[in-house]
Amino acid sequence: MSTSWRLSGRTRKLTLVVHIASVGSWLGLDVAMAVLVFTALGTGDVETKALCFRALELVTIWPMTISGLTCLVTGVLLAYGSKYGLVKYWWVVVKLGLNLLLSTLILIALRPGVVDLAEKGAEGNAVDLVFPPIVSPTLLMVAVVLSVFKPWGRLRRKN
Ligand code: HEM
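Taking an unreviewed UniProt entry as the reference, the protein is identified by name as Putative membrane protein belonging to Kribbella italica.

Okay, structure coming up:
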């Protein structure tokens with residue numbers, strides 16, 4: 001499982017910049033999602049509510065999927081192309097799992113709900129979507145903390 005392939009200094013830094021930028025955009029989209037969902041929940045105005053649902057469809061699904069996949073690809077390159085490896089350290093493996101989980105959830109769980117609300121407009125109920133804007137940024141922040149603190153060491157003592 002070990003590799004001698006390494007990203008060179010400059011390429012590694014560029015990849016890291018894209019990785020961090022994708023995390024920033026992903027978190028920003030989560031904030032936008034939270035603002036739209038909680039505004040739709042709190043407003044009594046039917047037009048504002050319908051507008052929130054339509055904006056939610058535009059802002060979330062594809063931009064979020066692209067951010068998630070960019071984060072995944074650059075993360076895999078950073079890990080595989082460095083001493084960390086893809087499956088050597090717990091913090092990398094857990095981040096890989098979180099990224100795959102969140103990217104999958106965007107497409108199989110969030111997308112149908114958001115499309116449904118955009119179609120229903122003011123008839124829809126934003127309560128169905130309160131969890132994504134809470135769960136997604138929380139797990140992303142867990143991944144950020146793991147990236148900086150790199151806890152738990154190696155999967156196997158020697159590999
Ligand atoms: C779940 C979403 C992810 C988030 C929020 C995230 C966040 C970050 C952040 C903030 C950094 C910069 C840390 C620093 O420079 O101190 C980083 C670096 C890194 N990430 Fe990710 N990441 C994610 C997914 C992944 C994935 C899927 C992988 C690989 C499987 C990965 C592997 C790495 C590696 C190897 C570094 C470089 C660490 C270093 O050189 O110090 N990340 N990540």
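Back to the write-up after that little detour.
A. Examining the overall build of the protein more closely. Scanning the protein from N- to C-terminus turns up 5 helices and 0 strands. Counting from the amino terminus, the protein carries its helices and strands in the arrangement α-α-α-α-α. C-alpha extents for the protein along the principal axes are approximately 60 × 30 × 25 Å. Relative to its 159 residues, the protein shows a buried fraction of 37%. Taking contacts inside the protein between residues at least 6 apart in sequence as the whole, the part at least 24 apart equals 80%. Approximately 9300 Å² of the protein is accessible, and the part contributed by carbon and sulfur atoms is 69%. For the protein, the separation between the mean place of its 16 positive charges and that of its 8 negative charges on side chains is 34 Å.

B. Structural context of a nonpolar patch on the surface. Together, F38, L41, V127, F131, I134 and V135 line one region of the surface with nonpolar side chains, adding up to about 530 Å² of accessible area. Of all the secondary-structure elements, those providing two or more residues to the nonpolar patch are α1 (9-42) and α5 (132-149). If you trace the backbone, F38 turns up in helix α1. Judged by relative accessible area, which is 39%, F38 ranks as partly exposed.

C. Up close: the coordination of the iron atom of the ligand. Only H19 (NE2) and K95 (NZ) from the protein reach the iron atom of the ligand as donors, at distances of 2.0 to 2.1 Å. With 6 donor atoms in place around the iron atom of the ligand and angles of 82 to 176 degrees between them, the coordination shape is octahedral. Residue H19 is located in helix α1, and its partner K95 is located in helix α4 (residues 90-120); the two are separated by 76 residues in the primary sequence. Note on accessibility: H19 and K95 belong to one class, buried.

D. Geometry of the site of the ligand. Taken together, 22 residues lie near the ligand, and R12, H19, K95, S147 and K150 sit nearest. In this structure, R12 approaches the ligand through a side-chain N or O atom, which is 2.5 Å from an oxygen atom. At 2.6 Å, a side-chain N or O of K95 approaches a nitrogen atom of the ligand. Its atoms largely coinciding with the cavity grid, the ligand occupies the largest pocket. Going through the elements one at a time, α1, α3 (61-80), α4 and α5 are the ones with two or more residues in the shell around the ligand. Partitioned by chemical class, the residues of the shell around the ligand number 15 nonpolar, 4 polar and 3 charged.

Criteria and thresholds
- Residues numbered from 1 in each chain as written.
- Predicted model: local features only at pLDDT ≥ 70, side-chain atom pairs only at ≥ 80, totals over all residues.
- Heavy atoms only, no water.
- Helix = DSSP H or I, 4+ residues; strand = E, 2+ residues; numbered from the N terminus.
- Buried < 20%, exposed > 50% of the residue type's maximum accessible area, 1.4 Å probe, protein only.
- Contact = heavy atoms within 4.5 Å.
- Areas by Shrake-Rupley, 256 points an atom, 1.4 Å probe, with all protein chains shown as cover.
- Lys, Arg positive; Asp, Glu negative; His and termini not counted.
- Charge placed at Lys NZ, Arg CZ, Asp CG, Glu CD.
- Patch = residues over 30% accessible without salt bridge, like charges linked within 9 Å, V, L, I, M, F, W, Y side chains within 5 Å.
- Salt bridge = Lys/Arg side-chain N within 4 Å of Asp/Glu carboxyl O.
- Donors = N, O, S within 2.8 Å, 3.2 Å for Na, K, Ca; no water.
- Tetrahedral: all angles 85-135°; square planar, octahedral: opposite > 155°, others 65-115°.
- Near = heavy atom within 4 Å.
- Polar contact = N/O pair within 3.5 Å; in protein donor to acceptor, adjacent residues only side chain to side chain.
- 1 Å grid on protein atoms, 1.4 Å probe; cavity = no way out; pocket = protein on both sides within 12 Å on 5 of 7 lines; lining within 4 Å.
- Sits in = over half its atoms within 2 Å of the grid points.
- Nonpolar A, V, L, I, M, F, W, Y, C, P; charged D, E, K, R; others polar.

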